[in-house]
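What follows is the residue order along each chain.
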Amino acid sequence: MKAIEITKPYEIKIIEKDKPVPKDGEALLRVLYCGICGADVASFTGNQPFTTYPRIPGHEFSAQIIEIPENDKGLKAGDVITCNPYFNCGECYACKRGIVNACHDNQTMGVQRDGSFQEYITMPVGRIICGKGLSGKQLALIEPFSISTHALSRAQVKKGDNLLIMGAGPIGLFALLRAKSMGAKVAVADLLESRLSLAESYGADMIINSKTDDFSVKCDNFTDGQGFDVCVEACGAPETFLACIDKAAHGANIILIGNGKRETTFVHSIILKKELNIFGSRNAFTKDFETLIDLVSSGAVDVTKMISGVYEADRAKDAFDALAHNDGSINKLLIRFADAE
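Residues numbered from 1 in each chain as written. Predicted model: local features only at pLDDT ≥ 70, side-chain atom pairs only at ≥ 80, totals over all residues. Heavy atoms only, no water.

In this section: the overall build of the chain. A count of helices and strands for the chain gives 11 helices and 17 strands. In terms of overall dimensions, the chain is globule-like: its C-alpha atoms have a radius of gyration of 20 Å, near the 20 Å expected for 341 residues. Principal axes of the C-alpha set define a box for the chain whose edges measure 60 × 40 × 40 Å. Within the chain, the fraction of its 341 residues that count as buried is 54%. (Helix = DSSP H or I, 4+ residues; strand = E, 2+ residues; numbered from the N terminus. Rg over C-alpha atoms; globule rule 2.2 N^0.38 Å. Buried < 20%, exposed > 50% of the residue type's maximum accessible area, 1.4 Å probe, protein only.)

Let's shift gears to the packing of aromatic side chains. As enumerated under the stated definition, the model contains eight aromatic pairs in all. Centroid distance Phe-241 to Phe-266: 5.7 Å. Interplanar angle 90°. Geometry classified as edge-to-face. With Phe-241 in helix 8 (residues 238–247) and Phe-266 in the loop between strand 14 (248–256) and helix 9 (269–274), this residue pair connects regions lying 25 residues apart in the sequence. Phe-241 gets classed as buried once you look at its relative accessible area, which sits at 11%. A residue is classified by how much of its surface remains accessible, and Phe-266, at 33% relative accessible area, is partly exposed. Through successive ring pairs, a cluster of aromatic residues spans Tyr-10, Phe-44, Phe-117, Phe-320 and Phe-337. Positioned above the aromatic ring of Phe-87, the side-chain terminus of Arg-113 is 3.8 Å from the ring centre. The ring of Phe-222 carries Lys-185 above its face, with NZ or CZ at 5.5 Å from the centroid. (Phe/Tyr/Trp six-rings, centres within 6.5 Å; stacked < 30°, edge-to-face > 60°. Lys NZ or Arg CZ within 6 Å of the ring centre and 35° of its normal.)

Strand order in the open sheet formed by six strands is 12-11-10-13-14-15, with parallel pairing between adjacent strands. Each of the sheet's edge strands pairs with one partner strand only, and the pair in question is strand 12 (206–209) and strand 15 (277–280). Averaged over all neighbouring strand pairs, the angle between strand axes comes to 15°, with direction disregarded. Bridge count for strand 11 (residues 185–190) against strand 12 is four bridges, and the pairing is parallel. (Pairing = 2+ DSSP bridges. Axes fitted to C-alpha atoms, helices over the stretch in contact; angles between N-to-C directions.)

Glancing now at helix 8. Judged by how many residues are buried, helix 8 sits mostly within the fold: seven of 10 residues are covered. Along helix 8, the positions that sit buried rather than exposed are Pro-238, Thr-240, Phe-241, Ala-243, Cys-244, Ile-245 and Lys-247. For helix 8, the secondary structure elements touched by its buried residues are strand 10 (162–166), helix 7 (215–223), strand 13 (228–233), strand 14, helix 9 and strand 15. (Contact = heavy atoms within 4.5 Å.)

Checked against the element boundaries, Arg-30 lands in strand 3 (residues 26–35). Polar side-chain contacts of Arg-30 include one of 3.1 Å to the backbone oxygen of Asp-339. (Polar contact = N/O pair within 3.5 Å; in protein donor to acceptor, adjacent residues only side chain to side chain.)

With that out of the way, let us pick up unusual backbone geometry. Cis geometry marks the peptide bond from Tyr-53 to Pro-54, where omega comes out at -5°. Of note, Pro-54 is situated in the loop between helix 1 (38–45) and strand 4 (60–67). The phi dihedral of Tyr-10 falls on the positive side, at around 70°, and the residue is not glycine. Positionally, Tyr-10 belongs in the loop between strand 1 (2–8) and strand 2 (11–16). Unusually for a residue other than glycine, Asp-224 sits at a positive phi of about 55°. As for its position among the elements, Asp-224 is in the loop between helix 7 and strand 13. Exposure remark for Asp-224: the relative accessible area of 67% places this residue in the exposed category.

What follows covers the nonpolar core. Considering soluble globular proteins, one finds that nonpolar side chains tend to be buried as a cluster. Phe-145, Leu-163, Leu-176 and Val-188 are the most contacted members of the largest nonpolar core, which has 50 residues in total. When sequence neighbours within four positions are dropped, the list of residues in contact with Leu-176 reads Ile-165, Val-186, Val-188, Ala-199, Tyr-202, Gly-203 and Ala-204. With 37 residues, the next largest nonpolar core counts Ile-4, Ile-6, Ala-27 and Ile-36 among its residues. (Core = buried A, V, L, I, M, F, W, Y, C linked by side-chain atoms within 4.5 Å.)

Turning to the packing of helix 4 (residues 142–155) against helix 5 (residues 170–181), a few remarks are in order. Interaxial distance between helix 4 and helix 5 falls to 8 Å at its minimum, and their mutual angle equals 60°. Relative to helix 5, helix 4 is oriented oblique. Note that helix 4 runs across helix 5; the crossing there is right-handed. Contacts from Pro-144, Phe-145, Ile-147, Ser-148, Thr-149 and Leu-152 of helix 4 reach helix 5 at Ile-171, Phe-174, Ala-175, Leu-177, Arg-178 and Ala-179. The residue inventory of the contact of helix 4 with helix 5, partitioned by class, reads nine nonpolar, two polar and one charged. (Parallel < 35°, antiparallel > 145°, perpendicular 65-115°, else oblique. Left-handed = near helix turned anticlockwise from the far one by under 90°. Nonpolar A, V, L, I, M, F, W, Y, C, P; charged D, E, K, R; others polar.)

As structure tokens, this is what we get:
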């Protein structure tokens, strides 16, 4: 079978390898569509500290079941599905407390272990999630959607909450979709008009161009000067985290999804004064995937607007190059291996 391999930074090859044979408790899956995550791009550019080479990327994917043992989930050959791609050890302190998404020895497909960018893969049956009739393209978007959904679940978003999202990249936009489905009033800030336009089309109640608008004035007008009930930091930049602290209401929740690489300096007494709750968020639970599949199946959310392009597997290098030089106009790119039969 064919697989896409990052041999070393900036080098991608289409390789031939043996078709996998499922072990006990595993299913054989035919991969349909794979999304390219920021972590995959970081592996491609050599900026992913957890990646070793060569590496087959990919953890956002849909697949069709080819072979599967009898199971209590009702899954059968021919079903179109997605999977939970975060492998946890089951033995560390986090796993023993049920925080499997933050396993001390987490191995995400495509990063610490080979991923889904290949024609066939095997997966433990317990990691397979029923697609409930969604298309391969829709299901390939559930994993990045789940990242934002898990983050918002930590903040206990309520109907009528004023919510600020800093950053309108894919994760920020998915957070917008989920927050709107929960009844929040959402303001989205970004530097790029193309992303803000998409946020507006997805139902943002206010968009803020941080480069040209008066950020503080627009936020104060939106919240009547009281601050936001929930702030979502989806950039990983010190400036956006500080903006969240500044514009959070007293007693507000701040969620950090963006993976920051620079230090942030601030006087922490403001957190005490406002009694802020600050949450980190990592990966997602299977229940987050299931919640979103139900939401998308209901027709309440159209995730396909997020797709900027679909590339055939033999053009994977072109897709990675495009994202490595993304000016912000590209959201999600998918790689097509096959369509469901």
